[in-house]
Amino acid sequence: RCLLHPSTPRSQPPPERSCIPHTLRKIMSSDMEKIIRRSIDSVDVAANSKIPDRVWKKCKGIAIINVSEVGFVFSLAEGDGIVMKKNDDGTFGAPSCIKFTGASGGFIFGKAHKQIFLFPMRDNPLKMLTAHNKNQFGAQIGGAAGKYGGMEAAGGAEASDKGISVTYSYVFSDGAFVNVGIQDNFIDTAVETNAGFYGKAVDAGDIVLQPGAVDIPEGKGIEELHAKLKAKMDEVGTDDDE
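Residues numbered from 1 in each chain as written. Predicted model: local features only at pLDDT ≥ 70, side-chain atom pairs only at ≥ 80, totals over all residues. Heavy atoms only, no water.

1. A look at the overall build of the protein chain
This is how the line gets drawn: Only DSSP runs of H or I with at least four residues qualify as helices, and only runs of E with at least two residues qualify as strands; both kinds are numbered from the N terminus onward. Burial here depends on accessible area, computed with a 1.4 Å probe over protein chains only, as a share of the maximum for the residue type. Under 20% is buried, over 50% is exposed, and the range in between is partly exposed. Here, residues are in contact when the closest pair of their heavy atoms is within 4.5 Å. What sets the accessible areas is the Shrake-Rupley method with a 1.4 Å probe; for residues, cover comes only from the shown protein chains.
A tally of helices and strands in the protein chain yields six helices and seven strands. In sequence order, the secondary structure elements of the protein chain are arranged as α-α-β-β-α-β-β-β-β-β-α-α-α. Here the protein chain, with 242 residues, has 45% of them falling under the buried criterion. Long-range contacts, defined here as pairs at least 24 residues apart, represent 75% of the contacts in the protein chain between residues at least 6 apart. When the accessible surface of the protein chain is summed, it comes to about 12400 Å², and 53% of that surface belongs to carbon and sulfur atoms.

Dropping the structure here:
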């Protein structure tokens, strides 16, 4: 039972009602819109980069994360972003908000803003990006200097009884940062931000993986984000074009 709505029957919680106060929902919705606007700018960077066309073509989805990182001996990184599923026709679905945290040790000095792109190439890593727990996705991200002066690329593979799950990551850095340590990066779902944006509490897996689970708000930047991604997909083509 929602404590803010004690009259709600315990056996029949209304799926459309959120326990987040209205004012807080407005703040969370505004936060999500800012994240989407940053993601639009990030797509412009990635679309004009050397990310291989085959990655765009064959990915099952995309995560776009903006991160601020500072370090002096030890490094701390924090950021947020979105994850979306790619549909069979090359369009993208509703975004779920995610949080990023990272820490590392070694010889580290400087500060940088990083734009991280994750391309899950199988369904399993896409599902992991929608899980409400901290998922470690890699021990990478090295030195960076200059205005997007070096795109860093890495691939991670996870073996299971269902085969190999691969996620490619690409990092663009703005600033000066030297890092020769080992970094642990974690991603978690921003549950409250999703609820504020969509107006109800909804599982991130449903947002991303179940078409129609949420109504996409108009005028919040999602249409522009989808348009930019569609333009890139039209440019690289589809597997049917090969």
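More follows now that the structure is in view.
2. Things to note about the environment of R54
With respect to the helices, strands and loops of the structure, R54 is situated in helix α2 (residues 53-58). Considering only alpha carbons, one finds R54 and V236, 182 residues apart in sequence, at a separation of 8.0 Å. When sequence neighbours within four positions are dropped, the list of residues in contact with R54 reads M121 and Y168.

3. Regarding the packing of aromatic side chains
Here is the rule we go by: For Phe, Tyr and Trp, where Trp contributes only its six-membered ring, two rings pair if their centres lie within 6.5 Å, and the inter-plane angle classes them as stacked under 30 degrees, edge-to-face over 60, or tilted in between.
In this structure the tally under the stated criterion is five aromatic pairs. Here the aromatic rings of F197 and Y198 are separated by 5.1 Å at their centres, their planes lie at 80°, and the arrangement is edge-to-face. Every member of this aromatic cluster is reached through a ring pair, and the members are W56, F117, F119, Y170 and F172.

4. Thoughts on the side chain of S49
Basically, it comes down to this: Counting of polar contacts relies on pairs of N or O atoms within 3.5 Å, with two restrictions inside protein: one atom must be capable of donating a hydrogen and the other of accepting it, and residues adjacent in sequence are counted only when both atoms are side-chain atoms.
The topology assignment puts S49 in the loop between α1 (22-47) and α2. Within the local environment of S49, its side chain forms a polar contact with the backbone oxygen of A46, the two atoms lying 2.7 Å apart. Engagement of the side chain of S49 in a polar contact is seen with the backbone nitrogen of I51, the distance being 3.3 Å.

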